[in-house]
Structure formats: structure tokens, C-alpha cells
Amino acid sequence: KRAMEIMDNDGNPDEALEWLNKQLQENPKHGDALITRAMYFYSKEKYGAALTDMNNAIKYYNKKNEYKLSSIYTGRAMVYEDIGELEKAIADYTNAYNNAIKEDTNISHITSILESRAHTYYTQKNYSAADNDYRLMLKHDEANQAAMVGLARNMIMREEYKAAIEMLNN
């Protein structure tokens with residue numbers, strides 16, 4: 001808890017790491033400490049260490065954890081994106097979305113996961129898969145402007161200019 005307080009209050013991340021390491025020495029299966037330390041490693045671009053801790057956080061996850069499983073999968077997907085493992089990122093965004101629905105998390109969290117996955121599809125030039133995620137975002141929130149812009153952008157990439165203009169004008 002002390003490490004999380006330090007990180008939440010823009011304290012010294014290295015001090016937080018010390019607290020996390022102490023906690024994990026006492027209990028190596030402490031899910032919240034694992035994911036918090038993974039976030040520290042991610043911020044330092046130590047992707048291997050971040051993945052190790054995220055994998056263990058998923059392995060040892062229990063419902064008493066402060067972090068939701070959907071957030072852990074989202075974090076791991078971000079690491080995979082940063083190291084260019086886009087298929088693994090998409091798989092983790094899918095797991096994150098499926099868990100977010102089960103966890104009954106708020107709509108903004110759900111649409112954020114979908115937007116991240118859509119962006120990954122866009123990076124792969126898989127516009128139809130990205131479109132599917134943007135449409136799913138609109139099912140969750142019919143006024144989601146990021147989804148509308150994403151759909152229009154994909155239309156532009158397919159040279160469907162008239163449809164893109166119509167999308168943006170509505």
C-alpha cells in the first residue's frame with residue numbers, strides 16, 4: 001500500500017520500488033505488488049521485467065486484488081505493443097475486454113480497451129477489424145467521438161471519402 005501511495009502521489013518511484021521488493025520478498029504471489037512493480041518497470045522501459053511481473057500477476061490473480069484482471073491484461077497488451085508483438089497485444093486486449101464485461105467495469109474503461117485494440121488493428125492496416133471495434137465502442141456509447149473519428153479515418157485510408165465526410169457530419 002505504501003508503494004502505491006508513493007506512486008499515486010508523484011513520489012520517488014525508486015522508493016516505491018524498495019517497498020514493492022520488500023512486499024514481494026515476503027509474499028512473491030502478491031498480485032497488486034506485482035502489477036505495481038510491472039508498471040514501474042514499464043515506465044523505465046524494462047519490458048522483460050514488466051512482462052514477467054504482469055505474467056505472474058495474472059497467474060496469481062484473485063478477486064481480492066485491488067487491480068482488476070482487465071487492467072492487468074491491458075497493461076500487458078501495452079508492453080506487447082511497445083515491443084512490436086501486435087498479435088499478443090490484440091489477444092491481451094481481447095482478454096481485457098472480455099474480463100471488463102464480466103467485471104462490470106465502467107463504460108469508459110471498456111471503450112478505452114476497444115479503442116486501444118482498434119488502434120493496434122489500424123497499425124496492422126486491418127481496417128475492417130478496427131471498424132468492428134469502433135462500432136462496438138458505439139454500441140457501448142453511441143456518442144463516442146473517438147469511435148466516429150476512427151471509423152472516418154479508416155474510410156479515408158480505403159479512399160471512401162464521401163462516407164468519411166458523412167460520418168463526420170453526423
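As shown above, the structure is provided for reference.
Residues numbered from 1 in each chain as written. Predicted model: local features only at pLDDT ≥ 70, side-chain atom pairs only at ≥ 80, totals over all residues. Heavy atoms only, no water.

Undergrad: Explain the overall build of the chain here, please?
TA: A tally of helices and strands in the chain yields ten helices and zero strands. Element order for the chain, N to C, with α for helix and β for strand: α-α-α-α-α-α-α-α-α-α. With respect to the principal axes defined by its C-alpha atoms, the chain has extents near 60 × 30 × 30 Å. A total of 170 residues make up the chain; the buried ones form 41% of that total. Nonlocal contacts in the chain, meaning residues at least 24 apart in sequence, comprise 41% of its contacts between residues at least 6 apart. As displayed, the chain has an accessible area near 9800 Å², and 47% of this comes from carbon and sulfur atoms. (Helix = DSSP H or I, 4+ residues; strand = E, 2+ residues; numbered from the N terminus. Buried < 20%, exposed > 50% of the residue type's maximum accessible area, 1.4 Å probe, protein only. Contact = heavy atoms within 4.5 Å. Areas by Shrake-Rupley, 256 points an atom, 1.4 Å probe, with all protein chains shown as cover.)

Undergrad: Please clarify how the layout of surface pockets should be interpreted in this entry.
TA: Empty space among the atoms becomes apparent when a probe as large as a water molecule is rolled across them. Its boundaries defined by the atoms lining it, the second largest pocket holds a volume of some 150 Å³. Lining the second largest pocket are Ile-35, Met-39, Tyr-42, Met-54, Tyr-67, Ser-71, Ile-72, Thr-74, Gly-75, Met-78 and Val-79. Listed by contribution, the elements that provide at least two residues to the lining of the second largest pocket are α3 (31–43) and α5 (69–82). For the lining of the second largest pocket, the leading source of residues is α5, giving six residues. Among the residues forming the lining of the second largest pocket, the class breakdown is eight nonpolar, three polar and no charged. (1 Å grid on protein atoms, 1.4 Å probe; cavity = no way out; pocket = protein on both sides within 12 Å on 5 of 7 lines; lining within 4 Å. Points joined across faces, edges and corners; volume = space filled by probe spheres on them. Nonpolar A, V, L, I, M, F, W, Y, C, P; charged D, E, K, R; others polar.)

Undergrad: Would you mind going over the packing of α5 against helix α7 (residues 107–123) with me for this structure?
TA: Two measures define how a pair of helices packs: the angle their axes make with one another and the distance between the axes. The interhelical angle for the contact between α5 and α7, taken along N-to-C directions, is 20°, at an axis separation of 11 Å. Taken together, α5 and α7 sit at an angle that is classed as roughly parallel. Handedness of the crossing formed by α5 with α7: left-handed. Side by side, α5 and α7 meet where Ser-70, Ser-71, Thr-74 and Glu-81 of the first sit next to His-109, Ile-113, His-119 and Thr-120 of the second. Grouping the amino acids of the contact of α5 with α7 by side-chain chemistry returns one nonpolar, six polar and one charged. (Axes fitted to C-alpha atoms, helices over the stretch in contact; angles between N-to-C directions. Parallel < 35°, antiparallel > 145°, perpendicular 65-115°, else oblique. Left-handed = near helix turned anticlockwise from the far one by under 90°.)

Undergrad: Please explain α5 as it appears in this structure.
TA: The periodicity of an α-helix, 3.6 residues per turn, causes residues three or four positions apart to be oriented the same way. Between the first and last C-alpha of α5 there are 20 Å, a value that for 14 residues agrees with the 20 Å anticipated at 1.5 Å per step. Among the 14 residues that make up α5, ten are buried, leaving the element largely enclosed by the rest of the structure. Within the sequence span of α5, burial applies to Leu-69, Ser-70, Ile-72, Tyr-73, Thr-74, Gly-75, Arg-76, Ala-77, Val-79 and Tyr-80. Lining the buried residues of α5 we find α3, α4 (47–59), α6 (86–103) and α7. (Expected span 1.5 Å × (residues − 1).)

Undergrad: I keep staring at the packing of α7 against helix α9 (residues 145–157) and nothing clicks. Help me out?
TA: One way to put it is that α7 packs onto α9 with a least axis distance of 11 Å and a crossing angle of 10°. Comparing their axes, α9 and α7 come out roughly parallel. Residue-level contacts link Glu-115, His-119 and Tyr-122 of α7 to Ala-146, Arg-153, Asn-154 and Met-157 of α9. Here the contact of α7 with α9 is composed, by residue class, of three nonpolar, two polar and two charged.

Undergrad: Help me understand the environment of Tyr-121, please; the structure alone is not making it clear to me.
TA: Along the chain, Tyr-121 falls in helix α7. C-alpha of Tyr-121 to C-alpha of Asp-133: the two residues are twelve residues apart in sequence and 9.2 Å apart in space. With near-sequence residues (within four places) excluded, Tyr-121 lies in contact with Ile-90, Asn-126, Ala-129, Ala-130 and Asp-133.

Undergrad: Which parts of the structure should I look at to understand helix α2 (residues 13–26)?
TA: Along its 14 residues, α2 runs 20 Å from first to last C-alpha, staying within 8% of the 20 Å computed at 1.5 Å per residue. Within α2 the residues assigned to the buried category are Ala-16, Leu-17, Leu-20 and Leu-24. Along the axis of α2, the buried residues cluster in a sector spanning 100°; they form a single face. Within α2, the exposed residues directed more than 90 degrees away from the buried face are Gln-25 and Glu-26. (Arc of directions from axis to C-beta.)

Any functional reading would require information beyond the geometric quantities listed.
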